[in-house]
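# Summary of structural features
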Amino acid sequence: MAELQRYNPVGLGLASLPGLPTVEPVALQESIRQSQGMQQSLDRISQFAFREAEEEAKRKGQMFGIENPPTMAEINTILAGPGSSAEQAKKVGARLQPAGTAFGDAARQVQSSMLRVEFETQTRSLLTNISAAIDAGQVNDLGQVISAVNSQVDTFTKILGNVSPNDALHYKSTASVAGNAVYQKAASHIIKMRTETMKQS
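Predicted, not measured: the structure shown is a model, and the values here were computed from it.

A few words now on helix α6 (residues 165-200). Between its first and last C-alpha, α6 extends 51 Å over 36 residues, near the 52 Å set by a 1.5 Å rise per residue. Residues Asp167, Ala168, Tyr171, Ala175, Gly179, Val182, Tyr183, Ala186, His189 and Ile190 constitute the buried set of α6. Those residues of α6 hidden inside the fold are in contact with α4 (102-135) and α5 (142-161).

Below, the structure written as structure tokens:
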């Protein structure tokens, strides 16, 4: 008995035949366009909301920094405690609000700026006292003056450098200008004293 030939499909669809255009229903195309437009709108709304939330976090962080500044009493307690100057600087940095968020970064920057102002005040006070001692004739060793000023400036610079390099640079620049004026005054006073001593001998 003869075998009948079987039909084998070639697997070609209408879309794969050459010359036939690909046609999508108009409703489907419109739905895709609307979906894309809606997604873009949602993205813009989300970005706006995130920006608003970030700005609000920054404002709250700044207020927190103003209301919770590090005090010189806390700093002095840390500096009087154990540890190297680098370890003490880290302890002071740990007293400030941790960084890494919009709130934390803003709070820490405000606290750092307030700490810099406090350090500048402390250094001006030290220089004023040294200047008064010079006027009273109580200073006869320039090395002691330089050591006293450099010790404070270096300590405060290291602390600020651990928190905010910009504030550390600003503080050191301000302290150096004020310190140089006192150095010159002390040097002139000591030279004058030595000159008078030589004349009397």
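After that view of the structure, there is still more to cover.
With 25 residues, the main nonpolar core has Ile75, Leu115, Phe119, Val145, Ile159 and Tyr171 as its most contacted residues. When residues of this core are traced back to their parent elements, those giving at least two are α2 (72-80), α3 (85-95), α4, α5 and α6. Considering each element in turn, this core owes the most residues, 7 residues, to α6.

To continue, consider the packing of aromatic side chains. Summed over the entire model, instances satisfying the criterion amount to 4 aromatic pairs. Look at phenylalanine 64 and phenylalanine 103: their rings are 5.6 Å apart centre to centre, the planes differ by 55 degrees, and that puts the pair in the tilted class. Of this pair, phenylalanine 64 sits in helix α1 (residues 26-67) while phenylalanine 103 sits in helix α4; the two residues are 39 residues apart in sequence, bridging distant segments of the chain. According to the relative accessible area criterion, phenylalanine 103 is partly exposed, its value standing at 27%. Considering the side-chain rings of phenylalanine 119 and phenylalanine 156, the 3.9 Å spacing of their centres and the 5 degrees angle between planes classify their relative orientation as stacked. Of the two residues, phenylalanine 119 is situated in helix α4 and phenylalanine 156 in helix α5; the sequence distance between them amounts to 37 residues.

Conventions we followed
Residues numbered from 1 in each chain as written. Predicted model: local features only at pLDDT ≥ 70, side-chain atom pairs only at ≥ 80, totals over all residues. Heavy atoms only, no water. Helix = DSSP H or I, 4+ residues; strand = E, 2+ residues; numbered from the N terminus. Expected span 1.5 Å × (residues − 1). Buried < 20%, exposed > 50% of the residue type's maximum accessible area, 1.4 Å probe, protein only. Contact = heavy atoms within 4.5 Å. Core = buried A, V, L, I, M, F, W, Y, C linked by side-chain atoms within 4.5 Å. Phe/Tyr/Trp six-rings, centres within 6.5 Å; stacked < 30°, edge-to-face > 60°.

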